[in-house]
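Geometric and topological summary
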Amino acid sequence: MKKFLVVEDSPIVVKIIKHIAKLDPLLHFDIAISFKEAKALLEDGNTNQYLAAVVDLNLPDAPNGEVVDYTLSLQIPTIVLTGSYDEDKRTQMLEKPIVDYVVKESRFSYEYVLRLIHRLHKNQNIKVLVADDSSTSRKVITAMLQPHLYQVIEAEDGQQALSIIQKDPDIKLLITDYNMPVMNGFDLVKNIRREVDKNALVIIGLSTQGSGELSAKFIKNGANDFLSKPFSHEEFHCRIIHNIETMEHVETIQHAAFHDYLTDLFNRRYFYDKGEEALALSHKNNTPTCLALIDIDHFKKINDTYGHDAGDHTLREIAALLRQAFGRFVCARMGGEECCVLLAGLDIKKAATLMEN
């Protein structure tokens, strides 16, 4: 993960951030205690090495938040971390394309900032589709999403949004307005949910008609959440983060349920499920399916001679080779040193040739 930049003149705050970040080996950062030092670190095109900047509003040589405008001008995602709560200053800052405005209230505030940095890192791989017939609304929402590093795609109506989702299964979040021509947001949700599960695609409905009836209608028919326009910057991002993290937790649980903990190959349960599906499809279409059983010779001797850690390392290395060789097939660890590969669509001759190679 890229480094982040801390621009902060308080030794106590820097010490707290260092202490919390030390617990996470993925977090690396540089420190500037003044606006001048921040400029020195960021000059000569060094901005690309930073994922984000965590910036204090009141520095000795920048008492009015000038450093925020500077990091934003360099297109660095900027988190404002301030020691005093000022409603006017907060409103002023949230009108800028910052990531968030955080008050130094407790240890939790600093932990929240570091979680935000992790979130920014993950967001780079998350595609978001914004569906709204108003180009102004789309631009406003896109402008709110971009500082958080999401990949944003736009659609002018529900039909276009549905087509985009059908062509791109990597889209993880849909933000859709209710009132749209051709296909409204409600019909869009119903059409999507016929094919895509709630845990695979987060849908957040939007509308100026913020009645409880409309909100319930959206959610009962497949939306994960609903927001009434106009909404606040912080509510918008809190809802998005909450829903995306819920989806990621479900993905983690599903991965653990279907994968072997040691090798990360599929486990026996998943293999049996997919095997039954492949066999049924093979009978239906009169197509071949083969099964390869792979066993590591003399594996017990590795454990007995070098210990179980060496045996585990061997299994992980062999699993990596199996993924490389049979990436397009279902490959699973059945137990111990035994693995199986489901070669759906291959007859015995082609399967033998593949195994020999």
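Each remark here, short or long, concerns the structure printed above.
The following refers to the structure shown. (Residues numbered from 1 in each chain as written. Predicted model: local features only at pLDDT ≥ 70, side-chain atom pairs only at ≥ 80, totals over all residues. Heavy atoms only, no water.)

1. Looking at helix α10 (residues 233–258)
Side chains of residues three or four places apart in an α-helix project in the same direction, reflecting 3.6 residues per turn. In a regular helix each residue adds 1.5 Å, so 26 residues correspond to 38 Å; α10 covers 38 Å between its end C-alpha atoms and thus fits that length. Buried residues of α10: His-233, Phe-236, His-237, Ile-240, Ile-241, Asn-243, Ile-244, Met-247 and Glu-248, and no others. (Helix = DSSP H or I, 4+ residues; strand = E, 2+ residues; numbered from the N terminus. Expected span 1.5 Å × (residues − 1). Buried < 20%, exposed > 50% of the residue type's maximum accessible area, 1.4 Å probe, protein only.)

2. Thoughts on the packing of helix α7 (residues 158–167) against helix α8 (residues 185–193)
Packing of α7 against α8 leaves a shortest axis separation of 9 Å and a crossing angle of 20°. When the interaxial angle is binned, α7 and α8 end up roughly parallel. The way α7 lies across α8 gives a crossing that is right-handed. When α7 is examined against α8, the residues Gly-158, Ala-161, Leu-162 and Ile-165 are found in contact with a partner set consisting of Leu-188, Asn-191 and Ile-192. Taken together, the residues of the contact of α7 with α8 break down into five nonpolar, two polar and no charged. (Axes fitted to C-alpha atoms, helices over the stretch in contact; angles between N-to-C directions. Parallel < 35°, antiparallel > 145°, perpendicular 65-115°, else oblique. Left-handed = near helix turned anticlockwise from the far one by under 90°. Contact = heavy atoms within 4.5 Å. Nonpolar A, V, L, I, M, F, W, Y, C, P; charged D, E, K, R; others polar.)

3. Considerations on the sheet that holds strand β11 (residues 289–295)
As summarised here, the arrangement of the three strands in space is β11-β13-β12, forming an open sheet in which the pairing is antiparallel. If you trace the sheet from one side to the other, it starts and ends with β11 and β12 (330–335), each paired once. Direction aside, the axes of adjacent strands within the sheet are offset by 25° on average. Two strands pair when backbone bridges link them, and β11 and strand β13 (residues 338–344) are joined in this way by seven bridges, in the antiparallel orientation. In the strand pairing of β13, Leu-293 is matched with Cys-340. Sitting on the sheet, helix α11 (residues 268–285) touches β11, β12 and β13, and the angle it makes with β12 is about 130°. (Pairing = 2+ DSSP bridges.)

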